[in-house]
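Commentary on secondary and tertiary structure
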Amino acid sequence: MLKEQFLLPEDKVYMCGHSLGPCFKNLPEALNGTLTMYAKQGVLSWETDWIKLSAQVSESLAALIGAKSNEVVVTDSTSINLYRVLKACLAMKPKRQKILTTQDNFPADLYIADGVAEVVMVPEHQLIDHLDESICVLMLTHVNYRSSAVIDCETINQKAHQYGIFTVWDLSHSVGIVPLDMASSGIDFAVGCTYKYLSGGPGSPAFIYAYEKHHASMQTPIQGWMGHQKPFEFDADYQSKGIKQFLGGTPPIFSLQALATALGHFDAGLIVRLYEQAKVYTETLSQTLMSLELEVLEADRRGGHIAFCHPNGYGISQAMIANGVICDYRAPNLVRLCVNPLYLTTQDLDACIHHLVAILYHKYYLHAKFNTRKEVT
Ligand SMILES: Cc1ncc(COP(=O)(O)O)c(C=O)c1O
């Protein structure tokens, strides 16, 4: 829908936005502006523009996800933010020190949870049976990073609240492609990446959402000075309240500027349209994949990508990339294809199908050059 506004890798079909969204055309100019300001004004740039940037970006993001502007901050990485939020929840209910989650949740989230509490991992369909008053947090990822399956927030949140459980959601694979409305979702806390569907740039800062109702009782475990009520008073005592307490240290201005520039392209209406078109694309791809006798994951409700299994998944992903279709692989046998209509056209989708059919038919994926494992997959 906005393909002409992107700088896409030349002669490639970009189907990896679930990992890293491509670069907006106006990004180099925006970053150059920041660089020029830095060169011309040095430290004085903080006063004129930079100190406000974090709040501005947080406000834009809040508007996109149907949250109030005082409920969102953009800072650090999803992993760090998840740590903050989980620790804050555990501190609010000290008698409950268990986190309930799905066994196929994103491993990085499981690692963070495991570092802070006892983790109970169950298949998604058994979650409801495990809700009880010993659980502090129900930690879920809205769109599964492998299957792309979407979990229905409202229903499970309501059930969790019946037992006084906090709900913490990872929205990394949702924000920018699946319409979100924090106000009606029943989500207590959320975190998420901005470098995937929002194209904020590699390593762009992540976000935290905290429902206003919890602001009076929550306490951040990392008392960063940028979250202090008056950071430049350099008071020996830490004082902060509300969502701002989740801010850490000095914000990464180049990354924040990149994200601010990317967010300038989005509004909630665009995300609704993107999701509708993504469903059309995933349906087309799913029909094709099934006709090729591939096992396609999750048919009911998908996010912005589609995944299929094949014992030679790695070889297929590498052969696809060599043929100009940028996709990725997740061990042990999964190929993921992102169908973001923001920059993917029906012609691109046809090209993807054309190459996939040829690769499978000729078994190009068996070629040795497509089977040497790279460090990053
Ligand atoms: C669902 C999900 N959660 C968390 C993360 C971790 O994000 P970060 O590496 O930015 O902390 C990722 C990264 O891909 C992810 O996909």
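Residue positions are given per chain, counted from 1 along the sequence in the order it is written. Local features in a predicted model are, by the rule used here, given only for residues with pLDDT of at least 70; side-chain atom pairs are given and counted only at 80 or more, and totals for whole chains, interfaces and linings are based on all residues.

On to the site of the ligand, then. In this entry, near means the residue's backbone-placed C-beta atom lies within 6 Å of the molecule or strand. Within the structure, the ligand sits among 13 residues, and Ser77, Thr78, Ser79, Phe106 and Ser172 are positioned closest to it. Looking at the shell around the ligand, the elements with two or more residues in it are helix 3 (78-92) and helix 4 (107-116). Side-chain classes follow a simple rule in which Ala, Val, Leu, Ile, Met, Phe, Trp, Tyr, Cys and Pro form the nonpolar group, Asp, Glu, Lys and Arg form the charged group, and the remainder, Gly included, forms the polar group. When grouped by side-chain class, the residues that make up the shell around the ligand number five nonpolar, six polar and two charged. Runs of H or I in DSSP of at least four residues are treated as helices and runs of E of at least two as strands, each being numbered from the N terminus.

Attention now goes to helix 7 (residues 253-263). Counting buried positions over the eleven residues of helix 7 gives ten, a clear majority of the element. Here a residue counts as buried when 20 or more other C-beta atoms fall within 10 Å of its C-beta, as exposed when 12 or fewer do, and as partly exposed in between; the C-beta atoms come from the backbone. Taken together, the buried positions of helix 7 are occupied by Ile253, Ser255, Leu256, Gln257, Ala258, Leu259, Ala260, Thr261, Ala262 and Leu263. In this structure, the buried residues of helix 7 make contact with strand 3 (23-24), helix 1 (27-41), helix 2 (45-64) and strand 4 (72-74). Once C-beta atoms are placed from the backbone, any two residues with those atoms within 7 Å are in contact.

Moving on: the domain arrangement of the protein chain. Here the limits of each domain have been adopted from an automatic or database domain assignment. Segmentation of the protein chain into domains returns domain 1 (3-18 + 267-370) and domain 2 (27-263). Just the C-alpha atoms count here: the centres of domain 1 and domain 2 sit 28 Å apart. The partner domain 2 presents 15 residues to the 20 residues of domain 1 that form the contact. Considering every element that reaches the side of domain 1 that touches domain 2, the biggest residue donor is helix 8 (residues 268-291), with six residues. When its residues are assigned to classes, the side of domain 1 that touches domain 2 shows ten nonpolar, six polar and four charged.

This part covers the nonpolar core. Nonpolar side chains in soluble globular proteins tend to end up buried together. Throughout this description, the term nonpolar core refers to a group of buried Ala, Val, Leu, Ile, Met, Phe, Trp, Tyr and Cys residues whose C-beta atoms join them within 7 Å. Judged by nonpolar contacts, the single largest core of 106 residues is most densely connected at Met15, Leu86, Val137 and Tyr209. A per-element tally of this core places helix 7 first, with seven residues. Among the domains, domain 1 (3-18 + 267-370) and domain 2 (27-263) are the pair contributing at least three residues each to this core.

Working convention: axes come from line fits to C-alpha atoms, limited for helices to the stretch in contact. Angles between N-to-C directions cover 0 to 180 degrees. Taken N-terminus to C-terminus, the directions of helix 3 and helix 4 make an angle of 35 degrees; their axes are 10 Å apart at the nearest point. Considering only the axes of helix 3 and helix 4, their crossing is right-handed. Within the contact between the two elements, helix 3 uses Ser79, Leu82, Tyr83, Leu86, Lys87 and Leu90 and helix 4 uses Ala108, Asp109, Ile112, Ala113 and Val116. Here the residues of the contact of helix 3 with helix 4 sort into eight nonpolar, one polar and two charged. Handedness of each helix crossing follows the sense of rotation of the near helix against the far helix: counterclockwise by less than a right angle gives left-handed, clockwise gives right-handed.

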